[in-house]
Amino acid sequence: MSNDEAAVKQHINYRVRMAVQNCQTTPMVDVMTTPEAKRQLEWVHKDLYISGADKAANTPTFFCKTLAREQALARMNSDDFPLVVSDNNVPETPEQVVKQLLGEPPLQEFPPQKPDLPYLMGIYKVHKNKMRWLTNADGCVFSEITICLTAILKGIQEALQNVADDFYAWAKFFGGKTNTCWILGSTQEFAINLPDKITTIYTGDITKCYEAIPLEGDQGLTTAMTNLVNLAFAHQNHLHKDLFLIQKKNGELEAEWKPLRHSSVKATRMDPTKVIELNHFIIRNTYVWLGDRVWSQVRGIPMGFSCSPLWCNLYLFYFEYNFITRLARLGRYDLLRLFEHTFRYMDDLVSMNNPMILRFLDPDQVESEGNPFWIYPLRFLAMQNEMDNPFVNTDGSLVNLSAHFLSLQIQIIRVDGTFLTTKYDKRRSLPFKVSLYIQRDSNRPVANSSKVILGQVFALFYLINTAGGIVLEIDNLVECFVEKGFHRYALRRLILSGLDRIILTSPLTPVQAVLEILFDIWRELANRPPQLDDSANSS
């Protein structure tokens, strides 16, 4: 199969290049819409499914369509997706299910533009040789209502952050300084919150989080969302604020907490009952169609809805906040202090300076109000350790000096907690060549490449805490773009100019220190080297 795949890639590459040779004078032409390219793609699409590789979206993969259909049907025949049938046990068609949904009050209030059901979309995980299935909800019957719910849930998360901040101040007053909201929004936020010293580090992954979250029951998504919505509204109402759904001038929706007497033609007041009903309606009416059959999802969160990441984040926050408040109720301020440097980005967890973390993530812990040593419902979820070389002492304490989290590789180098950070890129370990950047002679404007280059350079200051490490990564980045046809001297000029003007907020390494090294090693620049192009140079 690998030989056939290589031959197909070579054929497409040759035929498309031949087809677009005459398009180079018009750089804004979309190559893939040319008649010749369409014809070649149609030929390939007869038997092969083409998509971006998981972890490397710019790298195309080719998958047999027959095998993809078999695996999709196997996914639908699992216990998570019962077939939708009528009262007389006859399978219902997509049209029948859509007709029933359109009669529901939530969809009458937020009418869809397209009466279609979500469908399965697969991404081939080359490094694991299996498909990753997503629910493609773009342009479906739930699109408009999930856009509204996404805006509302962002407002709910904002209020819950305020709840956590209030509890943080209370816990700190009683000697239990801790992190009450573990949610991270970016690698930069994590870098800014790194402690001065790290003596041990735990990193783990909540595996198959989207697929394993239960929808119903005491520990289900509907229960968690109900309690969180009520908590958020209770906190904000105490401040005499209510949630309003506002339509901006650009047509986008945004939820804001405003004084209770606020009124506007374009603002719709949302009460907790309505928000809870919207959540329950979408959670309990998640359908996927394949062919002329429809399946309902009874376990797990559909990954393709715009509100799905917020559901996942808030579901895990529900148990994290309950855990922190439980420790306070039990008077275990000694345990609270262990979680001062614990964070989570979606389903990735990191806990620094917490040698007892493994005890809290033991699936055999009793999930009771009197037990302080459990966080998540691990009878549904599962933790997978992502540490490099952990050691567990006889008392259960963790000693681990190296781990990666998001795009950071953290290495503890001294007993006093001194540590180094470097860039971690999972794509470097993938068993195939990854395509990261476009060729200079492609049909895309070169000016866009300058933004990509500078964006990659600026990000390094939040990943690496040594000037030498950043310089090394910048050199590697330059060589990557040189391989794509860019001129080395032009790239260096662009980077030096960008660093000379940029002002970064709380970087791990001062920009000036890196600039001094770069000026020193690149001082032999030609007087007037070739430029990326005029627009790239000016940007």
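Every chain is numbered independently, its residues counted from 1 as its sequence is written. Local features in this predicted model are restricted to residues whose pLDDT is 70 or higher, and side-chain atom pairs enter the listing and the counts only when it is 80 or higher, whereas totals over whole chains, interfaces and linings include all residues. Each side-chain value is worked out from all heavy atoms of the structure, with water and hydrogens disregarded.

The name given to the chain in an unreviewed UniProt entry is Reverse transcriptase domain-containing protein, with Selaginella moellendorffii as the source organism.

This paragraph deals with empty space enclosed by the protein. Of the two site types, the cavity is a set of points on a 1 Å grid over the protein atoms alone where a 1.4 Å probe fits but cannot get out, and the pocket is an open set with protein on both sides within 12 Å along at least five of seven lines, each lined by residues with an atom within 4 Å of a point. Grid points are joined across faces, edges and corners, and a volume is the space filled by probe spheres set on the points. Counting across every chain of the model gives one cavity of 30 Å³ or more. Here the largest cavity defines a volume of roughly 40 Å³.

To continue, consider unusual backbone geometry. Although it is not a glycine, Lys208 adopts a positive phi angle of roughly 50°. Here a helix means four or more residues in a row that DSSP labels H or I, a strand means two or more in a row labelled E, and each is numbered from the N terminus. Mapping Lys208 onto the fold places it in the loop between strand S5 (201-207) and helix H8 (209-212).

Right, let's get into the pairing of strand S2 (residues 56-64). In this description, strands pair whenever DSSP reports at least two bridges between them. Bridge count for strand S1 (residues 48-53) against S2 is six bridges, and the pairing is antiparallel. Bridging from a neighbouring strand, Tyr49 pairs with Phe63 of S2. From the end of S1 to the start of S2, which pair antiparallel, there are two residues, and Lys55 there has a positive phi angle of about 75°.

On to the side chain of Ser397. Relative to the assigned elements, Ser397 resides in the loop between strand S14 (391-392) and strand S15 (398-399). Among the polar contacts made by the side chain of Ser397, one reaches the side chain of Asp395 at a distance of 2.7 Å. Nitrogen and oxygen atoms within 3.5 Å of one another constitute a polar contact, given that in protein one can donate a hydrogen and the other can accept it, and given that sequence-neighbouring residues count only through two side-chain atoms.

Where helix H9 (residues 221-238) meets helix H11 (residues 308-329), the axes come as close as 10 Å, and the angle between the chain directions of the two elements is 75°. Put simply, H9 runs roughly perpendicular to H11. Contacts between H9 and H11 involve Leu221, Ala224, Met225, Asn227, Leu228 and Leu231 from the first element and Trp311, Leu314, Tyr315, Phe317, Tyr318 and Tyr321 from the second. A per-class count over the contact of H9 with H11 returns eleven nonpolar, one polar and no charged. All axes are obtained by fitting lines to C-alpha atoms, using only the stretch in contact for helices, and the reported angles, taken between N-to-C directions, cover 0 to 180 degrees. Note on terminology: angles under 35 degrees are roughly parallel, angles over 145 are roughly antiparallel, angles of 65 to 115 are roughly perpendicular, and the others are oblique. Only heavy atoms enter the contact rule, under which two residues are in contact if any of them lie within 4.5 Å. Only Asp, Glu, Lys and Arg are considered charged, only Ala, Val, Leu, Ile, Met, Phe, Trp, Tyr, Cys and Pro nonpolar, and every remaining residue, Gly among them, polar.

Our next topic: a positive patch on the surface. There is a patch of like positive charges on the surface, built from Lys55, Lys128, Lys130, Lys208 and Lys426. Looking at where Lys128 falls in the secondary structure, it is placed in the loop between strand S3 (119-125) and strand S4 (130-136). Here Lys128 falls in the partly exposed class, since its relative accessible area comes to 47%. For patch detection, residues must exceed 30% relative accessible area and be free of salt bridges, and they are connected within 9 Å for like charges or within 5 Å for nonpolar side chains (Val, Leu, Ile, Met, Phe, Trp, Tyr). For accessible areas, the Shrake-Rupley method is used with a probe of radius 1.4 Å. Any residue's cover is judged against the shown protein chains and nothing else. For this analysis, a salt bridge means a side-chain nitrogen from Lys or Arg found within 4 Å of a carboxyl oxygen belonging to Asp or Glu. Charged residues are defined here as Lys and Arg on the positive side and Asp and Glu on the negative side; His and the ends of the chain fall outside this count. Each charge is placed at NZ for Lys, CZ for Arg, CG for Asp and CD for Glu. Think of it in three bands: residues with accessible area under 20% of the maximum for their type are buried, residues over 50% are exposed, and the middle band is partly exposed, with areas taken using a 1.4 Å probe on protein chains only.

Buried within helix H17 (residues 511-521) we find Val511, Val514, Leu515 and Leu518. The arc that holds every buried residue of H17, seen down its axis, measures 100°, which confines them to one face. To obtain the arc, one takes the directions from the helix axis to the C-beta atoms.

The next subject is a nonpolar patch on the surface. A surface patch of nonpolar side chains, about 250 Å² in accessible area, is lined by Tyr119, Met121 and Trp289. Here Met121 shows up in strand S3. For Met121, a relative accessible area of 31% translates into the label partly exposed.

A separate point is helix H15 (residues 467-483). How far a helix is expected to stretch is found by multiplying one less than its residue total by 1.5 Å. Taking 1.5 Å as the rise per residue, H15 with 17 residues should run 24 Å; its terminal C-alpha atoms sit 25 Å apart, in good agreement. By the burial criterion, the buried members of H15 are Ala467, Gly469, Ile470, Val471, Glu473, Ile474, Leu477, Val478 and Phe481. Packing partners of the buried residues in H15 comprise strand S18 (419-423), helix H14 (446-460), helix H16 (488-501) and H17. One or two positions beyond H15, positive phi appears at Gly485, with a value near 105°.

The subject of this paragraph is the packing of aromatic side chains. Stacked, tilted and edge-to-face pairs are distinguished by plane angle, under 30 degrees for stacked and over 60 for edge-to-face with tilted covering the rest, among Phe, Tyr and Trp rings (Trp via its six-membered ring) whose centres lie within 6.5 Å. Enumeration according to the criterion identifies 17 aromatic pairs in this entry. Taking 6.0 Å as the distance between ring centres and 75° as the angle between the ring planes, the aromatic pair formed by Phe190 and Phe343 counts as edge-to-face. With Phe190 in helix H7 (residues 187-192) and Phe343 in strand S11 (residues 342-345), this pair connects stretches of sequence that are 153 residues apart. The exposure classification of Phe190 matches that of Phe343, with both residues buried. Linked through ring pairs, Trp182, Phe323, Phe339, Phe360 and Phe373 together constitute an aromatic cluster. When the ring centre of Phe373 is taken as origin, the NZ or CZ atom of Arg359, which lies over that ring, is 3.6 Å away. In our convention, an over-ring charge means Lys NZ or Arg CZ found within 6 Å of a ring centre and within 35 degrees of that ring's normal.

For the rest of this paragraph, the subject is the pattern of salt bridges. Counted by the stated rule, this structure contains 18 salt bridges. Linking Lys248 and Glu254 is a salt bridge whose minimum nitrogen-to-oxygen distance equals 3.6 Å. Taking relative accessible area as the criterion, Lys248 reaches 31% and is therefore assigned partly exposed. Across the pair Lys248 and Glu256 runs a salt bridge, and its minimum N-O distance is 3.0 Å. Among the residues examined, Glu256 registers a relative accessible area of 19% and is labelled buried.

Mapped onto the fold, Ala53 is located in strand S1. Each C-alpha atom, one on Ala53 and one on Thr342, is 31 Å from the other, the two residues being 289 residues apart in sequence. Setting aside its immediate chain neighbours within four residues, Ala53 contacts Thr59, Thr61, Ile123, Tyr124, Val126 and Phe432.

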